[in-house]
Amino acid sequence: MNPQEKENIVEDLLYEASARKYLKENKSGKKKPIVRYLMMAAAAIVLALFIVKLPMGNADTSRLAALEEVYSFPVISKSRSAQTAIVDQHISELNTGNYEFVLDKLAVESPLSEKDAFVKAHIFFEQRKYKELRSHLQSYVFKGQYYKDEISWLTFLINFQEGQTREQLNSSIHTLTQQHQKKAKRLLDSIR
Amino acid sequence: MTDEEIISQLKANAHRHDKALSFLFSSAKFKNPIIAFLRNKGVSRDEADLLWTDIVVKFALLVKSNKYEDKGKMLGYIKNLSNFMVLNFFRDKRKEPTALSSTPVGDEYQIAYTTNDHFEIKSLLESELSKIGESCKELLLYWAHGYNMKEIMSKFNIVSEVATRKRKHSCMKKLLGNISNNEKMSQLLKEYYNELKQQA
């Protein structure tokens, strides 16, 4: 065996030793320091988010529970006025909670009646589509007092659900009707 | 990763090679039947894990040095390799007769001589490597693993590729010198070489 042949065999043996070392290190979960630090940092961030999110999650849940006590989808009955409303043809769907179907019917290009716009707002609220709801309320001007009062209440509810503080909500409570104010106070009491 | 991909990556550069090595090592398709086979032969759980590592390494070496030809029977080949490895393992532990008690044929021939004395050579090499210094040992292991001089240069903070080559050369010289002084290891290497030459 000449020196070169010997070196070749030793190279094979060295390869085996290095491959074993590599597999051993990987098997025991050893990571490069930078990978280990990155993993630790990621774990710390997740933990921090978890700690921060935990009380928020509880607040959301408690607000939702309080909201469910004071809010229910309005009962819609057929209009007696001359103004026709799309929702009049879908009373049964509304009563059975098939809101998605009614929402599709309300997606028309022609201007909606106040009743239609009112129902649309409640469907958005029911489905927790607060962004769409705010946009809908900004684009539609309600004229009837009943609708104005109801929409003020709905706006208060969105603000409550979106996490406004007790002080912020308290400052807008005067815009509500007396009946709604009672409910609003119950909501405020639920905020710790 | 398909069998063909494993083979082609084992022959590729160090990074792709390691990827294939890890995959092969942890893939249930290969690991489970081999571990079950070893356990069935009476090997303990820990020993089976160590043997599996050696089997994967030996297979990778055979592929790397173009001694394995893929005929679509990779698992069968690895099983055959495992059989020889476990027989040699028992022989070393004086539990069973040698792996070469029957005459190997075809692929078996290659495997038989590649795995013969594996455990003894492995421990002797470990011992010789520990004598050349940690830095030299690491450098040689990287080189043998397939890292090029540039990669080794940056890993060891050596000033140039030429200096890296010189360092590798002096480390290798040191190791070969030590091996030459180790009678037992020299003898085993000689036998190993003659067996391989005979086969060729």
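Located above this text is the structure these notes cover.
The structure reproduced in this document is the subject of the present report. Just so you know, these numbers come straight off a predicted model, no measurement behind them. Every chain is numbered on its own, with residues counted from 1 as its sequence reads. Chains and ligands are labelled by the order in which they are written, letters from A for the one and numbers from 1 for the other. Per-residue local features of the predicted model are confined to residues with pLDDT of at least 70, and side-chain atom pairs are confined, for both listing and counting, to 80 or more; whole-chain, interface and lining totals are unaffected and use all residues. Working from all heavy atoms in the structure, the side-chain values ignore hydrogens and water.

Counting its regular elements, chain A contains nine helices and zero strands. For every residue, the accessible area obtained with a 1.4 Å probe (protein chains only) is divided by the maximum for its type, and the residue is called buried under 20%, exposed over 50%, and partly exposed between those limits. Going through the 192 residues of chain A one by one, you find that 38% of them count as buried. Contact between two residues is taken to exist if any of their heavy atoms lie within 4.5 Å; hydrogens are not considered. Contacts spanning at least 24 positions in sequence make up 62% of the contacts within chain A whose residues lie at least 6 apart. Split by element, the accessible area of chain A, about 12100 Å² in all, is 55% carbon and sulfur. Secondary structure elements are taken from DSSP: a helix is a run of H or I of four residues or more, a strand is a run of E of two residues or more, and numbering for both begins at the N terminus. Methods summary: accessible areas were calculated by the Shrake-Rupley approach with a probe of 1.4 Å, and residue burial reflects only the protein chains presented.

Turning our attention to the environment of histidine 136 of chain A. All names here are of chain A. Mapped onto the secondary structure, histidine 136 falls in helix α6 (residues 130–139). On the basis of relative accessible area, histidine 136 is assigned to the buried category, the value being 8%. The spacing of histidine 136 and alanine 121 is 15 residues in sequence and 7.0 Å in space, taken between C-alpha atoms. With near-sequence residues (within four places) excluded, histidine 136 lies in contact with Ala117, Lys120, Ala121 and Phe124.

A covalent bond between the sulfur atoms of two cysteines is referred to as a disulfide. Residues and elements named next belong to chain B. Here, the term disulfide refers to a pair of cysteine sulfur atoms separated by no more than 2.5 Å. Applying the stated criterion to the full structure yields one disulfide over all chains. In this model cysteine 136 forms its disulfide with cysteine 171; the gap between the sulfur atoms is 2.0 Å. The sign of the S-S torsion, about -80 degrees, decides the handedness of the disulfide formed by cysteine 136 and cysteine 171: left-handed. With cysteine 136 in helix α8 (residues 134–145) and cysteine 171 in helix α10 (residues 161–181), this pair connects stretches of sequence that are 35 residues apart. Take cysteine 136 and cysteine 171: they sit in the same class, and that class is buried.

Turning to the packing of helix α7 (residues 118–129) of chain B against α10 of chain B, a few remarks are in order. Residue and element names in this part refer to chain B. For the pair α7 and α10, the least separation of the axes is 10 Å and the interaxial angle reads 125 degrees. One way to sum up the angle between α7 and α10 is to call them oblique. With respect to the hand of their crossing, α7 and α10 are arranged in right-handed fashion. Across the interface between the two elements, Leu125, Glu128 and Leu129 of α7 pack against Leu175, Asn178 and Ile179 of α10. Axes, fitted as lines to C-alpha atoms, cover a helix only where it is in contact. Angles between the N-to-C directions of the axes lie from 0 to 180 degrees. For classification purposes, angles smaller than 35 degrees are called roughly parallel, those larger than 145 roughly antiparallel, those between 65 and 115 roughly perpendicular, and all remaining angles oblique. Working rule for handedness: look at the near helix, and if it is turned counterclockwise from the far one by less than a right angle, call the crossing left-handed; if clockwise, right-handed.

What follows concerns helix α7 (residues 145–161) of chain A. Residue and element names in this part refer to chain A. With 17 residues, α7 should reach 24 Å at 1.5 Å per residue; the first-to-last C-alpha distance of 24 Å fits that figure. When α7 is considered as a whole, its buried residues turn out to be Tyr147, Glu150, Ile151, Trp153, Leu154, Phe156, Leu157, Ile158, Asn159, Phe160 and Gln161. Once α7 ends, the next one or two residues include glycine 163, with phi positive near 100 degrees. For a helix, the expected span equals 1.5 Å multiplied by the number of residues minus one.

Here we come to the packing of aromatic side chains. Pairing of aromatic rings covers Phe, Tyr and Trp, the last counted by its six-membered ring, and requires centre-to-centre distances within 6.5 Å; plane angles under 30 degrees mean stacked, over 60 mean edge-to-face, and any other angle means tilted. Taken as a whole, this structure holds 15 aromatic pairs over all chains when the rule is applied. Ring geometry for tyrosine 68 of chain B against tyrosine 77 of chain B: centres 4.6 Å apart, planes inclined by 70 degrees, an arrangement best described as edge-to-face. Ring centres of tyrosine 142 of chain B and tyrosine 147 of chain B lie 5.1 Å apart, and the angle between their planes is 75 degrees; this geometry places the pair in the edge-to-face category. Three or more aromatic residues joined by ring pairs form one cluster here, namely Phe118, Tyr140, Phe142, Tyr146 and Tyr147 of chain A.

Attention shifts here to the interface of chain A and chain B. Taken together, the contact pairs 21 residues of chain A with 38 residues of chain B. Here chain A packs against chain B, burying approximately 2800 Å² in sum over the two surfaces, 72% of which is carbon and sulfur. By definition, a salt bridge exists where a carboxyl oxygen of Asp or Glu is found within 4 Å of a side-chain nitrogen of Lys or Arg. Scanning the region where chain A abuts chain B turns up four salt bridges. Within 3.5 Å is the distance limit for a polar contact, defined as a pair of N or O atoms, with the added protein rule that one can donate a hydrogen and the other accept it, and that residues adjacent in sequence qualify only through two side-chain atoms. Between the two partners, chain A and chain B, sit seven residue pairs in polar contact (both at pLDDT 80 or more). Each residue is assigned to one of three groups, with Ala, Val, Leu, Ile, Met, Phe, Trp, Tyr, Cys and Pro labelled nonpolar, Asp, Glu, Lys and Arg labelled charged, and all others, Gly among them, labelled polar. Along the lines of polarity and charge, the residues of the side of chain A that touches chain B split into ten nonpolar, two polar and nine charged. Buried area: the accessible surface (1.4 Å probe) lost by two parts on joining, summed over both.

Turning our eyes to something else, we now look at α7 of chain B. Every α-helix carries 3.6 residues per turn, so stepping three or four residues along brings you back to the same face. With twelve residues, α7 of chain B should reach 16 Å at 1.5 Å per residue; the first-to-last C-alpha distance of 16 Å fits that figure. Residues of α7 of chain B that are buried include every one of His118, Phe119, Ile121, Leu124, Leu125, Glu128 and Leu129 of chain B, and no others.

What follows covers unusual backbone geometry. Positive phi is not limited to glycine here, since arginine 128 of chain A has a value of about 55 degrees. As for its placement among the helices and strands, arginine 128 of chain A is situated in the loop between α5 (114–126) and α6. By relative accessible area, arginine 128 of chain A is classed as partly exposed at 47%. Of note, asparagine 66 of chain B is a non-glycine position whose phi angle comes to about 55 degrees, a positive value. Take asparagine 66 of chain B: it is sitting in the loop between α4 (45–64) and α5 (74–92). Owing to a relative accessible area of 57%, asparagine 66 of chain B belongs among the exposed residues under this scheme.

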